[in-house]
Amino acid sequence: MKLPDLFFDRIAAQIGTDEARLLLKAIERPSPVSVRINPVKNNCISGNFQVPWCKYGYYLDERPVFTLDPDFHAGAYYVQEASSMVLWHILETIAPGGNISVLDLCAAPGGKSTLAAAWLSGKGMLVANEVVKTRANVLKYNILKEGHANVIITCVQPSELGRSGPTFDIVIVDAPCSGEGMFRKDPEAVSHWSVQNVETCAVRQKSIIADILPALKEGGFLIYSTCTYNHEENINNADYFASEFGMEGRHIPLDESWGISVIEGKKTTGYQFFPHRVRGEGFFVTVLQKTEVNGTKGFGSKPKTSGISTLPPKSMECLKPWLKNEGMVVFEGSDGLIHVIPEAMLTQVDSMFKAKVYMLGAGITAGKLTKDVFIPDHSLALSHSMSTLLPRVELDKTEALLYLKKQLNTIRSGTKGWTIASYNGNALGFLKNLGDRINNYLPNEYRILMDLPTDITAL
Ligand code: SAM
């Protein structure tokens, strides 16, 4: 891969010519493959080596065809680049216990959000936001597979979230950047690289942070990251946030053996992942704490009237067999669908409804209730909010892939009616067993598109 000479000159000026040569060599080597397993689902995927900074991260020896693994569709693991899994270590360090509110501002396709959701493990709340609608739909799918009810997905500009009222203990900004750290994984990134683009990105990042900081509580943490190397977008920007926005840089203790480079700025400390020093892609992260009061109210402020209307008792009766209800609020959204959120999140969700923040998802979408007939949603099947008493059919791998391809016609089960299609103990979706055939309720947009191999059993 031919990298721009100017890129080499700039990185050599930053880290020295010898280091820059090592970096270039590493960029020529294949990217490591890593996954983060979902601790609350069953897992068949196995890697021999753990990602040192993430409890649930593993390197795989080779890249399997993930599409042909039903566990992938069940949300049993997320394919995530290893360096960015350091978010786990950072969250453990700055907010042990984790019953907090987190905003992931630039969230699609969902690597950091699914990690944060797994780390919160149903406690507190996560708002995952993505400005680009098509990317927000991918985010929604990845969050849905994770299965937690304490997640809201929004699709708005940072300034709108900054203005809308709710404030968060932690704001993650994994900023759009010049992508120097992705040259190996995404050679396209090379063709978009220019010094002018680096400068444009650095300006955009400043503006994103300025827009979103009102949504960070006083004393709260900003986790700012990029997948690039240059100082303009990284440590210089971090120093700028500290001096311009009333923030203080925070140090994150790291194990030296991890190979992460520490970059000391004037007011902040940055952590840089170089592919020649770590088993991962190029990545930069820094943590700042908000020390200045900005007059924003916390999530605790209760709206006067509720925008959310909970369901009447008769409707709740219909839903009873489907849901685990403890500590949950069930309500009908403006989309006409039934949603389930933790009771503790009600105030926050309500205030977002009132502020008319555009939400793509709020908690688990349980389904649709029409004249006391309930049609469950795919989101419910993959969630931890679904009743464990619903009929299930355990599929073998061939059947599971045919189900996911929407080509499974019958099942080996006598129970008629709504049934969970399951593989390896993980729900894949709903089907309705009619005896001599089934109706497959996997949404079309989530079905496997690629051709299945002729001999699936050999997989
Ligand atoms: N955090 C994601 C993950 O771990 O999967 C990756 C995020 S990617 C580096 C940056 C995201 O920022 C993109 O999804 C992009 O659409 C979004 N973005 C682009 N311009 C933006 C802006 N002006 N404000 C907020 N987000 C923006």
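In what follows, the structure referred to is the one given above.
Read on for a plain summary of the structure.

### Here we look at the site of the ligand
- Contacts to the ligand come from 17 residues, most closely from Cys106, Gly111, Glu130, Arg135 and Asp174.
- Here an oxygen atom of the ligand and a backbone polar atom of Ala108 are 3.3 Å apart.
- At 2.6 Å from an oxygen atom of the ligand is found a side-chain nitrogen or oxygen belonging to Glu130.
- In the complex, the protein chains occlude 81% of the 600 Å² of accessible area that the ligand would expose alone.
- Of all the elements in the fold, those that place two or more residues in the shell around the ligand are helix H5 (111–120) and helix H9 (195–212).
- Classifying every residue of the shell around the ligand gives 10 nonpolar, 2 polar and 5 charged.

### What about the pattern of salt bridges?
- One pass over the full model with this rule turns up 13 salt bridges.
- Residue Arg21 pairs with Asp18 through a salt bridge whose shortest N-O separation is 4.0 Å. Of this pair, Arg21 and Asp18 both sit in helix H2 (residues 17–28), 3 residues apart, roughly one helical turn. By the burial criterion, Arg21 is exposed, and Asp18 matches it.
- Here Lys112 ties to Asp174 by a salt bridge, and the two come within 2.9 Å at their closest N and O atoms. In this pair, Lys112 sits in helix H5 while Asp174 sits in strand E8 (residues 168–174), placing the two residues 62 residues apart along the sequence.

Parameters and conventions
Residues numbered from 1 in each chain as written. Predicted model: local features only at pLDDT ≥ 70, side-chain atom pairs only at ≥ 80, totals over all residues. Heavy atoms only, no water. Near = heavy atom within 4 Å. Polar contact = N/O pair within 3.5 Å; in protein donor to acceptor, adjacent residues only side chain to side chain. Areas by Shrake-Rupley, 256 points an atom, 1.4 Å probe, with all protein chains shown as cover. Helix = DSSP H or I, 4+ residues; strand = E, 2+ residues; numbered from the N terminus. Nonpolar A, V, L, I, M, F, W, Y, C, P; charged D, E, K, R; others polar. Salt bridge = Lys/Arg side-chain N within 4 Å of Asp/Glu carboxyl O. Buried < 20%, exposed > 50% of the residue type's maximum accessible area, 1.4 Å probe, protein only.

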